[in-house]
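Spelled out from the first residue to the last, the chains are:
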Amino acid sequence: MAATAFSASKFTQSFSLNSTRSVDRPPLFPASHPLKTTPSSFLGSTRKLSLSSPSSSTSRHRRRPCRSPAVVAVSEVVKEKKSKSNVSLSNPLITKEEGLELYEDMVLGRSFEDMCAQMYYRGKMFGFVHLYNGQEAVSTGFIKFLKQEDCVVSTYRDHVHALSKGVPARAVMSELFGKTTGCCRGQGGSMHMFSKEHNLLGGFAFIGEGIPVATGAAFTSKYRREVLKEADCDHVTLAFFGDGTCNNGQFFECLNMAALWKLPIVFVVENNLWAIGMSHLRATSDPQIWKKGPAFGMPGVHVDGMDVLKVREVAKEAIGRARRGEGPTLVECETYRFRGHSLADPDELRDPAEKARYASRDPISALKKYMFENNLASEAELKAIDKKIDELVEDAVEFADESPLPARSQLLENVFADPRGFGIGPDGRYRCEDPKFTEGTAQV
Amino acid sequence: MAAIVQGIGSTAAPSASSNKFLLSSLGSSLLEKKRNFFVVRSDGKCYTGLNQQQRRAQNVVTNAVATKEEKASAAVGSKPGHELLLFEALREGLEEEMDRDPCVCVMGEDVGHYGGSYKVTKGLAEKYGDLRVLDTPIAENSFTGMGIGAAMTGLRPIVEGMNMGFLLLAFNQISNNCGMLHYTSGGQFKIPIVIRGPGGVGRQLGAEHSQRLESYFQSIPGIQMVACSTAYNAKGLMKAAIRSDNPVILFEHVLLYNLKERIPDEEYVLNLEEAEMVRPGEHVTILTYSRMRYHVMQAAKTLVNKGYDPEVIDIRSLKPFDLYTIGNSVKKTHRVLIVEECMRTGGIGASLTAAINENFHDHLDAPIVCLSSQDVPTPYAGTLEEWTLVQPAQIVAAVEQLCL
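Residues numbered from 1 in each chain as written. Chains lettered and ligands numbered in written order. Predicted model: local features only at pLDDT ≥ 70, side-chain atom pairs only at ≥ 80, totals over all residues. Heavy atoms only, no water.

In the annotation of an unreviewed UniProt entry, the entry for chain B reads pyruvate dehydrogenase (acetyl-transferring), and the organism field reads Coffea canephora. In the Catalytic activity (unreviewed entry) part of its UniProt record, chain B is described as follows: "N(6)-[(R)-lipoyl]-L-lysyl-[protein] + pyruvate + H(+) = N(6)-[(R)-S(8)-acetyldihydrolipoyl]-L-lysyl-[protein] + CO2". (UniProt positions renumbered as here; feature names shortened; annotations may be inferred.)

Under an unreviewed UniProt entry, chain A has the name Pyruvate dehydrogenase E1 component subunit alpha and belongs to Coffea canephora. UniProt annotates chain A under Catalytic activity (unreviewed entry) with the comment "N(6)-[(R)-lipoyl]-L-lysyl-[protein] + pyruvate + H(+) = N(6)-[(R)-S(8)-acetyldihydrolipoyl]-L-lysyl-[protein] + CO2". Per UniProt, chain A carries the Subunit (unreviewed entry) text "Tetramer of 2 alpha and 2 beta subunits."

Let us look at the environment of K387 of chain A. Mapped onto the fold, K387 of chain A is located in helix α15 (residues 379–402). A relative accessible area of 53% means that K387 of chain A is categorised as exposed. (Helix = DSSP H or I, 4+ residues; strand = E, 2+ residues; numbered from the N terminus. Buried < 20%, exposed > 50% of the residue type's maximum accessible area, 1.4 Å probe, protein only.)

Counting through the fold element by element, R196 of chain B comes out in strand β7 (residues 194–199). With residues near it in sequence (within four places) discarded, R196 of chain B still touches V120, I158, V159, E160, G161, M164, M238, L250, E252 and Y257 of chain B. (Contact = heavy atoms within 4.5 Å.)

Phi is mostly negative for residues that are not glycine, and the peptide bonds are mostly trans. G202 of chain A connects to G203 of chain A through a cis peptide bond whose omega is 20°. Among the structural elements, G203 of chain A can be located in the loop between α7 (169–177) and α8 (210–226). Each neighbour pair has its own omega, and for K319 of chain B with P320 of chain B the value is 5°, a cis peptide bond. Examined against the element boundaries, P320 of chain B turns out to sit in the loop between β14 (317–319) and α13 (323–333). Positive phi, close to 50°, is recorded for K262 of chain A, a residue that is not glycine. Tracing the chain through its elements places K262 of chain A in the loop between α9 (249–260) and β3 (265–271). For K262 of chain A, a relative accessible area of 47% corresponds to the partly exposed category.

This next bit is on the sheet that holds strand β15 (residues 336–343) of chain B. All names here are of chain B. With respect to topology, five strands assemble into an open sheet ordered β11-β13-β12-β15-β16, the strand pairing being mixed. Each end of this open sheet is capped by a strand with a single partner; those strands are β11 (276–279) and β16 (369–373). Strand-to-strand, the axes of this sheet are offset by a mean angle of 25°, without reference to chain direction. Relative to strand β13 (residues 310–314), strand β12 (residues 284–288) runs parallel, the two sharing five bridges. (Pairing = 2+ DSSP bridges. Axes fitted to C-alpha atoms, helices over the stretch in contact; angles between N-to-C directions.)

Further remarks concern empty space enclosed by the protein. Residues and elements named next belong to chain B. Overall, the coordinates contain ten cavities of 30 Å³ or more when judged by the stated rule. In this structure, the second largest cavity spans a volume of roughly 90 Å³. Lining the second largest cavity we find 13 residues, and of these G200, E214, H253, Y289 and S290 sit closest to its centre. If one sorts the elements of the lining of the second largest cavity by residue count, strand β9 (residues 248–253) sits on top with three residues. Here the lining of the second largest cavity is composed, by residue class, of four nonpolar, four polar and five charged. Mapped onto the domain boundaries, the lining of the second largest cavity takes at least three residues apiece from domain 1 (82–264) and domain 2 (276–403). (1 Å grid on protein atoms, 1.4 Å probe; cavity = no way out; pocket = protein on both sides within 12 Å on 5 of 7 lines; lining within 4 Å. Points joined across faces, edges and corners; volume = space filled by probe spheres on them. Nonpolar A, V, L, I, M, F, W, Y, C, P; charged D, E, K, R; others polar. Domains from an automatic or database assignment.)

As a further point, take the UniProt feature "coiled-coil region" (unreviewed entry) in chain A. UniProt marks residues 375–402 of chain A with the feature "coiled-coil region" (unreviewed entry), using the numbering shown here. Its end C-alpha atoms 42 Å apart, residues 375–402 of chain A is made of 86% helix and 0% strand.

Have a look at this one:
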């Protein structure tokens, strides 16, 4: 299909069209696009996830024999659930509590990121800040299924993953301001959010860097179960990364290892179609990332990442698989970032029409609409949540503002877990025993 | 060791007696190839490296008499000790730590069923299982990263690079994650990983298999680097590295795996940050590590015959430097010669020169001399390869120059 190789706009049109609408389910969003014709099997989304390549798509790709029944199983489950929900709108996919939780989490992500932008332009934070606006459904959809002991590994676009995982907004905002009360004592910054308590394993500046770390966390889970005999250890790891990363060696190497050893990990691709200014289509020979899963022996699933409920369904199945010891899953979430790559990105290359199209699929508005239509919440309740979140974010800013900057004494701490690593000084004592060490002025 | 070496230096003429026992027990082609290695003594006599090994074998009793609390050899211990080769000592250390702590695991290429390309992990997979001694696919960057992720979440992995040079592919993970994550996470996650493997120049292995990665890794903040050179310190450093909560890179040398030595039966752990006094002396401080230690000791014999009294220190800890041991030596001898296998530019010797100049300038009677390998990709041809490395004759000449 020409769309894969050539016209970016055509590609995105077909994406937004039919991304995961199965034929028999009323869509969350009205199908407004004039080019809506036959559903594009190019995307191979929840409709038919047998591993044979979509019939009409790039003819240069050969049909692959169906390898793992699990792929079809995932899609079947999702489709079934959807068709069940078709029966009546009074049988929604979520309960009220769940809906409110999802809504609150997404609004927190959105408000927080908007506040970050404001603070950045006011000179409160510096460097590279990458905002998550528009992608909230992916973070909320997946992370809200996790237990505290499960691990999340992210990239530089990690604020919202941190928030969804439970890191307090105060701690994240302080970290962004570079204050000592930040989750990493101000030493990490925007791109390095870590939390041992919440098992957020970072925050990585180089793309692809976190995927092996996530694989290692999943390896630990398996090790604990099989070597340390902790039979109930079923911790799952989620690795979030983007479309650009899917052309990086570490991605493929880890898909191989995870499938080889059946590690309890879910690889979540946040395909927002752009790697800074590089369109996914211009960078990738086969843009259908979900297809790369079956190549390594794991299911590959494509889901509409602007729809938190669809993401949730897929997440449930994928995380369930990992917990049961059935191995990894590759989930490609079609999503979009409403802002530029970072706050320093002028964002001139993206077609405004494309942006408008995705803006109309704003995950928060969509969930709101769904909740109204299914009588899960009233306008007032959601507004109350909005207000609560606004206050929370304001409080986080206030807290960060008032927090102290790191003292010089913090400079040399945390370089080594065992500070004897700084060695023995000329006087025969360990450098870390030097009183100036705790002042941060010792020679090391 | 100090006494023994002095004994050898002052009395022995090179013995040509072949110690067949040593040869056959080692059965290593590496050692046989050592015949190509000649040392020309100042008195005109020639002998092969092989003889040096034989002499060491005949006089194997003890290890370096080191500083501080490092235990003396088995000779003065209560038990007789046992003889083994360096790679077996590494394995012993590894096995003891794996027995001691179930979180210790190994990952690398061919470490499991194959037993390690230099047999350091031989037999461990049968004993501990395939998950604890994990055969990885050929993906250094990713399995090193995997080791780091595992370390962050509670395990204590040992990542083996089949050759240190392969770890260049893991540089991203080693620099960015291994060294930095403890800091960027504000101290929340520790990374008790050991990254080890054989490096250094072997016997005509070609440029890419003859690399000295210690010079590339030394700037990475947050890691420690140690280099082992004897069976005794190999086992001790292996155990120390595993027990350390810091990420440690343990540099082994391809040509030292078959060194035989008697080590104590009792458990011992060495100090990662300390240097080892190999031979106390008065005239000049020679700082070295890994294989060059043996070139230096060879040269030391010649020097002793010529009336010099070199103090030889195996620095062992490449990062950080043990400035106490080194400083005491400099204050005593006032002359420093560094002999290393790294390349001239940006090697460990360069850093050490800077550190000594900075800290002990007043105590130096002469500029520090640093003998390093040539800034040349290691050639395949044996003669060329030899000329890229520092040879004992050069060491002798340098000391003579220094002590004028």
